Amino acid sequence: MKQRNTFSGIILLGIGLFYFANRMNIELLQPYLTWPSILIIIGIALLFQSGSGKESSSIFSGVFLTGLGVHFHAAAKVATWPEPLQVIVLLAGISFLIQYRKTKEGLIPGVLLSLLALWLLFFKSNTPSVENIFVKAEDFWPIILMVIGAYLMFFKKK
């Protein structure tokens, strides 16, 4: 019961602060008072909920939503920020790895998704030599995601 109150309290406090700052019209905060900030608030609330007790089921969601909110803020401000697909795959991998630290579940998908994201970030470049090598392999990343999903559904050890 205490964990539910913590989650609800953080959500209400965060959204209340968000709308209060929006109504106060503080110019320094205006660029950050957008919908990605709501994602960050919900993600932080989920992280607090998972950290305040033995319930660790919301670690993945908390890391993913917080990272997604940060991504959308950074994408609007940084011209060289990576594409959403690359960041979302990386966030999923990092979320699985952080979840693994606490629950000992999700290591294989975390490593595979992180490696896939790093491949998408660093090997997908405009240099002709690298592009020629990976141009056909780039079409197969959805198959990799499907194999990971099938592994989790059918072959996961209990």
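Residues numbered from 1 in each chain as written. Predicted model: local features only at pLDDT ≥ 70, side-chain atom pairs only at ≥ 80, totals over all residues. Heavy atoms only, no water.

Looking at an unreviewed UniProt entry, one finds the chain named Integral membrane protein and attributed to Fictibacillus halophilus.

The full count for this structure, using the stated rule, is four aromatic pairs. Pairing Trp35 with Phe72 gives two aromatic rings, centres 4.9 Å apart and planes at 50 degrees, and the pair type is tilted. With a gap of 37 residues between them, Trp35 in helix H2 (residues 35-51) and Phe72 in helix H3 (residues 59-77) connect regions that are remote in the sequence. For Trp35, a relative accessible area of 53% corresponds to the exposed category. (Phe/Tyr/Trp six-rings, centres within 6.5 Å; stacked < 30°, edge-to-face > 60°. Helix = DSSP H or I, 4+ residues; strand = E, 2+ residues; numbered from the N terminus. Buried < 20%, exposed > 50% of the residue type's maximum accessible area, 1.4 Å probe, protein only.)

Right, let's talk about the side chain of Thr66 for a bit. Here Thr66 is to be found in helix H3. Side-chain polar atoms of Thr66 contact the backbone nitrogen of Ile44, separated by 3.4 Å. (Polar contact = N/O pair within 3.5 Å; in protein donor to acceptor, adjacent residues only side chain to side chain.)

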